[in-house]
Amino acid sequence: MDVFGSALLDFYHTGKADRLVLHNSYAEPEEMPVDLFFRDEEEMPDLEINALHLCKGKILDVGAGVGSHALVLQNFNVNVTAVDISEIAVKIMKQRGVKQAIVADILHFTPLEKYDTILMLMNGIGLTGSLKGFEKFISDAKKLLNVDGQMLFDSSDISYLYEDLPKPTSKYFGEVSYQYEYKGEKGSWFNWVYLDKDTIIQVAERNGWYAKILLDDGEDQFLVQLSLTQSG
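Residues numbered from 1 in each chain as written. Predicted model: local features only at pLDDT ≥ 70, side-chain atom pairs only at ≥ 80, totals over all residues. Heavy atoms only, no water.

Draft legend 1. View of the overall build of the protein chain. Across its full length, the protein chain holds 6 helices and 12 strands. Over its C-alpha atoms the protein chain spans a radius of gyration of 17 Å, differing by no more than 12% from the 17 Å that the globule rule assigns to 232 residues. Along the longest, intermediate and shortest principal axes, the C-alpha atoms of the protein chain span 50 × 50 × 30 Å. A total of 232 residues make up the protein chain; the buried ones form 50% of that total. Across the protein chain, the fraction of contacts at a sequence separation of at least 24, relative to all contacts at a separation of at least 6, is 63%. As displayed, the protein chain has an accessible area near 11,700 Å², and 48% of this comes from carbon and sulfur atoms. Charge-centre separation for the protein chain: the mean point of 21 positive side chains lies 7 Å from the mean point of 36 negative side chains. (Helix = DSSP H or I, 4+ residues; strand = E, 2+ residues; numbered from the N terminus. Rg over C-alpha atoms; globule rule 2.2 N^0.38 Å. Buried < 20%, exposed > 50% of the residue type's maximum accessible area, 1.4 Å probe, protein only. Contact = heavy atoms within 4.5 Å. Areas by Shrake-Rupley, 256 points an atom, 1.4 Å probe, with all protein chains shown as cover. Lys, Arg positive; Asp, Glu negative; His and termini not counted. Charge placed at Lys NZ, Arg CZ, Asp CG, Glu CD.)

This is how it looks when you write it as structure tokens:
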């Protein structure tokens, strides 16, 4: 069952949703505000706005949700394709006006064309699931991009969770798991990863990318650009 998609659908149709609970592997469950996914440009943080303005050429918006970022990009009169694994989310984004929207798992995606920018906002890079998953993804992503292409994504350093605890020794400390719950229905647990700056740079450069930290919001959230050429 697409628990997350059900919450999105309720909010889209009625302007409100019941509590969307996000269970996690490291602390108490949290409530996820559903309206967060329906923001317009004025409601987006500076980090996201900066990323949108840095997009170039043909853009692949990955983990696009209900298409909020894709709609802003369309207003810039650029070519953007939005991809999400949720069929419900893709239906909503089409109804909201996203012109090119695809149901797909980006980890198993065969494109019909190449792109100039891969965009993954709202910690979208986390869907790679693990440090190994991130490394495999950025290696495979080269096939999705033109020669002067780029990836833009934000991430968070969650070292603060371990200020009073030792970091795990059996896995990368940014690897966590989540489960959505909505109206008493629980989805499957899924893996997520939060990557710190040094790790991103090391793994990226080891895989032939040029990595830059473009913006830091001062609250452990930062914007990253990976480029296939040094000029970006």
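Okay, back to it.
Draft legend 2. Region of the structure containing the sheet that holds strand E6 (residues 115–120). A sheet is described by the order of its strands in space; here 7 strands give the open sequence E5-E4-E3-E6-E7-E12-E11, paired in mixed fashion. This sheet does not close on itself; its edge strands, each paired only once, are strand E5 (101–103) and strand E11 (210–216). Averaged over all neighbouring strand pairs, the angle between strand axes comes to 20°, with direction disregarded. Pairing between E11 and strand E12 (residues 221–227): 6 bridges, direction antiparallel. Bridge pairing links Tyr210 to Ser227 in E12. (Pairing = 2+ DSSP bridges. Axes fitted to C-alpha atoms, helices over the stretch in contact; angles between N-to-C directions.)

Draft legend 3. Up close: the nonpolar core. Within the largest apolar cluster, 52 residues are counted, with the highest numbers of intra-cluster contacts made by Leu8, Ile138, Met151, Phe153 and Leu226. Here the element with the most residues in this core is helix H1 (residues 3–14); it accounts for 5 residues. Those residues within four positions of Leu226 in sequence are excluded, and the remaining contacts are Ile138, Gly149, Gln150, Met151, Phe153, Ile200, Ala204, Trp209, Tyr210 and Ala211. Core analysis: the second largest hydrophobic core is formed by 22 residues, Met44, Cys55, Leu71 and Met93 among them. (Core = buried A, V, L, I, M, F, W, Y, C linked by side-chain atoms within 4.5 Å.)

Draft legend 4. Representation of the environment of Arg206 within the structure. On the secondary structure map, Arg206 appears in helix H6 (residues 197–206). Separated by 71 residues in the primary sequence, Arg206 and Glu135 have C-alpha atoms spaced 9.2 Å apart.

Draft legend 5. Here's a closer look at the pattern of salt bridges. Within the structure shown, the criterion is met by 7 salt bridges. Among the ionic pairs, Asp140 bridges to Lys136, the shortest N-O distance being 2.6 Å. Remark: Lys136 and Asp140 occur in helix H5 (residues 131–140); sequence separation between them is 4 residues, near one turn of the helix. (Salt bridge = Lys/Arg side-chain N within 4 Å of Asp/Glu carboxyl O.)

Draft legend 6. Structural context of the packing of aromatic side chains. All told, the structure shown has 10 aromatic pairs when counted by the stated rule. Arranged with centres 4.8 Å apart and planes meeting at 15°, the rings of Phe4 and Tyr180 form a pair that is stacked. Taken together, the residues span a long stretch of sequence, with Phe4 in helix H1 and Tyr180 in strand E8 (residues 175–182) at a distance of 176 residues. Exposure class is identical for Phe4 and Tyr180. Each is buried. (Phe/Tyr/Trp six-rings, centres within 6.5 Å; stacked < 30°, edge-to-face > 60°.)

Draft legend 7. Geometry of the packing of H1 against helix H4 (residues 87–96). For the pair H1 and H4, the least separation of the axes is 9 Å and the interaxial angle reads 25°. When the axes of H1 and H4 are compared, the pair comes out roughly parallel. Only Ile88, Ala89, Ile92, Gln95 and Arg96 of H4 make contact with H1, whose side of the interface consists of Gly5, Ser6, Leu8, Leu9 and Tyr12. Taken together, the residues that form the contact of H1 with H4 break down as 6 nonpolar, 3 polar and 1 charged. (Parallel < 35°, antiparallel > 145°, perpendicular 65-115°, else oblique. Nonpolar A, V, L, I, M, F, W, Y, C, P; charged D, E, K, R; others polar.)

Draft legend 8. Geometry of the side chain of Asp154. Tracing the chain through its elements places Asp154 in strand E7 (residues 145–156). Although Asp154 lies buried, it forms no salt bridge, and the closest oppositely charged side chain, Arg39, sits 7.9 Å away as judged by the N-O distance. Of the polar contacts made by the side chain of Asp154, one reaches the backbone nitrogen of Met122; its length is 3.1 Å. One polar contact links the side chain of Asp154 to the main-chain amide nitrogen of Asn123, over a distance of 3.0 Å. Beyond its immediate sequence surroundings of up to four residues, Asp154 is in contact with Leu47, Met120, Leu121, Met122, Asn123, Gly124, Ile125, Gln221, Phe222 and Leu223. (Polar contact = N/O pair within 3.5 Å; in protein donor to acceptor, adjacent residues only side chain to side chain.)

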